[in-house]
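Survey of secondary and tertiary structure
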Amino acid sequence: MQLISNYKDLETQKRIKEIIPKRKENSTSKKYVKELLHWYKNDFFTWCNKPKCPLCNSDKNIISVETCASNEEEKQYQSYRTEVYKCQGCGGNEVRFPRYNSPIKLLETKTGRCGEWANLFGAILFTCNFKTRFVNNYEDHVWNEFYNEEEKRWIHIDSCEEAYDTPLVYEQGWGRAMTFIVATSDEEIVDITPRYVKDWSIIKERRSDIMENTLKSVINKINNDLYMKLSDEEKNKLSERRIKEKEEFESKTGNVKEEEKIPRQSGSEDWKKERGEI
Ligand SMILES: [Zn+2]
């Protein structure tokens, strides 16, 4: 919720507008979002396995020391934990990697892992007036979705992979077990797991009744508060989108696209090995 409310900050939006590629006339939403993704991944944001030592300008001799609570200065930009490293190339220089959540700060640091990537890309989508979701799979990966008005459906977006509309890539390409995938927007929270699994009936069985009911009641409680802030028109649009989405989930064919079979691209080999992805 904090992330999404950051997106409404006008200064953040102003700075984003200054740097993103402009939408060309007659450009479809699909075309424009793909263009944004390409620019973001290739010309703007960078992946950070380990931070660079500012003295050596390299991450070659950096070793991990600990993760600690962020200091006051880092907290100003919504960093709550900071990874601390030491550079062995220059006699133990301490290098800090605060995990910032403030999009305005990320515009400046231009680096991070999937959390930072998805956070800032969500802010960019929001600034371009797309309905935007921040998606969390609770197995340590996050990404975005945006609502494509022309196609009347939510589209999966993973900016660190430059992925557009390939929701099965985590299960089929990365080999991850997906159980709970939840999307947050400024209007509601939705369990969107069916979009990300090939065979929903198998996954549904994996989710215990307790988990299922707890999740439902938490989501309902948050949504009831959020809906109170919406106008009748917004509520109607929301329920239209939700009905369509339910239909989409129910009519899934189980086909897997070629692009959904590719393994993870982002992160170094060592980093992925540590996480058990290869
Ligand atoms: Zn150094």
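First things first, this report covers the structure right here in the doc. The residue numbering used here restarts from 1 in each chain and proceeds along that chain's sequence as written. Per-residue local features are limited, in this predicted model, to residues with pLDDT of at least 70; the limit for side-chain atom pairs, both in listing and counting, is 80 or more; totals at the level of whole chains, interfaces and linings are taken over all residues. Hydrogens and waters are ignored; side-chain quantities use all the structure's heavy atoms.

**Notes on the environment of Ile222**
Our working definition: The numbering of helices and of strands both runs from the N terminus, where a helix is a DSSP run of H or I of at least 4 residues and a strand a run of E of at least 2. Summary of the burial criterion: residues with accessible area below 20% of their type's maximum are buried, those above 50% are exposed, and those between are partly exposed, where the area comes from a 1.4 Å probe applied to protein chains only.
Residue position: Ile222 is located in helix H9 (residues 209–227). By relative accessible area, Ile222 is classed as partly exposed at 31%. C-alpha of Ile222 to C-alpha of Ile189: the two residues are 33 residues apart in sequence and 7.4 Å apart in space.

**Observations concerning the pairing of strand S7 (residues 142–148)**
Rule in force here: Only strands joined by at least two bridges in the DSSP assignment are considered to pair.
Counted residue by residue, S7 has seven buried out of seven residues, so it is predominantly covered. Here S7 shows two buried faces, one formed by Val142, Asn144, Phe146 and Asn148 and the other by Trp143, Glu145 and Tyr147. Note that strand S6 (residues 132–136) and S7 share five bridges and pair antiparallel. Paired with Val135 across the two strands is Trp143, which belongs to S7.

**Some thoughts on the nonpolar core**
For clarity, the cut-off: Within this scheme, the nonpolar core is defined by two criteria: the residues are buried Ala, Val, Leu, Ile, Met, Phe, Trp, Tyr or Cys, and they are joined through side-chain atoms within 4.5 Å.
Grouped together as the largest cluster of nonpolar side chains are 36 residues, with contacts concentrated most on Ile20, Tyr40, Leu120, Phe121, Ile124, Phe146 and Ile157. Looking at this core, the elements that each hand over two or more residues are helix H1 (2–7), helix H3 (29–44), helix H5 (103–109), helix H6 (114–127), S7 and strand S8 (153–158). No other element matches the nine residues that H6 contributes to this core. The next biggest cluster of nonpolar side chains, apart from the first, holds 14 residues, and it includes Tyr170, Met178, Ile181 and Ile192.

**Things to note about the sheet that holds strand S3 (residues 81–87)**
Strand pairs in the sheet, formed through backbone hydrogen bonds, run parallel or antiparallel to each other. Rules: For every element, the axis is a line fit to its C-alpha atoms; helices are fit only across the contacting stretch, and the angle between N-to-C directions ranges from 0 to 180 degrees.
An order of S2-S3-S4 is seen for the three strands of this open sheet, with the pairing classed as antiparallel. In this open sheet, the two strands that pair with only one neighbour each are strand S2 (62–69) and strand S4 (93–98). This sheet shows a mean twist of 25° between the axes of neighbouring strands, independent of strand direction. Summarising the sheet, S2 and S3 pair through seven bridges and their orientation is antiparallel. Bridge pairing links Ser64 to Tyr85 in S3.

**What about the sheet that holds S7?**
Our working definition: Should any heavy atoms of two residues lie within 4.5 Å, those residues are counted as being in contact.
Within the open sheet, the six strands sit side by side as S9-S8-S7-S6-S10-S11. Their pairing is antiparallel. The open sheet terminates on both sides in strands that have one partner only, identified here as strand S9 (163–164) and strand S11 (189–191). One ladder, built from five bridges, connects S7 with S8; its direction is antiparallel. Residue pairing across strands places Phe146 opposite Ile155, the latter belonging to S8. Packed onto the sheet, H9 meets strand S10 (182–184) and S11 and runs at close to 150° relative to S11. Each of S6, S7, S8 and S11 is contacted by helix H10 (residues 232–250), which is oriented at about 15° to S11, the strand it contacts most.

**Side note on H9**
Definition in use: Working rule for helices: expected span equals 1.5 Å times residues minus one.
Taking 1.5 Å of rise per residue, 19 residues should cover 27 Å, and H9 covers 26 Å from first to last C-alpha, within 8% of that figure. Of the surrounding elements, those touching the buried residues of H9 are S10, S11, helix H8 (200–206) and H10.

**Considerations on the side chain of Thr166**
Secondary-structure assignment places Thr166 in the loop between S9 and helix H7 (169–173). With relative accessibility at 4%, the residue Thr166 sits in the buried group. With near-sequence residues (within four places) excluded, Thr166 lies in contact with His156, Glu259 and Glu260.

**Details of the coordination of the zinc ion**
Convention followed: Nitrogen, oxygen and sulfur within 2.8 Å of a metal are treated as its donors, or within 3.2 Å for sodium, potassium and calcium (Na, K, Ca); water is not counted, so a site can appear incomplete.
At this site the zinc ion is bound by Cys53 (SG), Cys56 (SG), Cys87 (SG) and Cys90 (SG), with donor distances of 2.2 to 2.3 Å. The sequence pattern describing where the donors of the zinc ion fall on their chain is C-x2-C-x30-C-x2-C. Placement of the pair is Cys56 in the loop between strand S1 (46–47) and S2 and Cys87 in strand S3, with a sequence separation of 31 residues. A relative accessible area of 32% places Cys56 in the partly exposed class.

**Some details on the pairing of S6**
Counting buried residues along S6, four of its five residues qualify, which places the element largely inside the surrounding structure. Connecting the antiparallel pair S6 and S7 is a turn made up of five residues, with Tyr138 showing a positive phi of about 55°.

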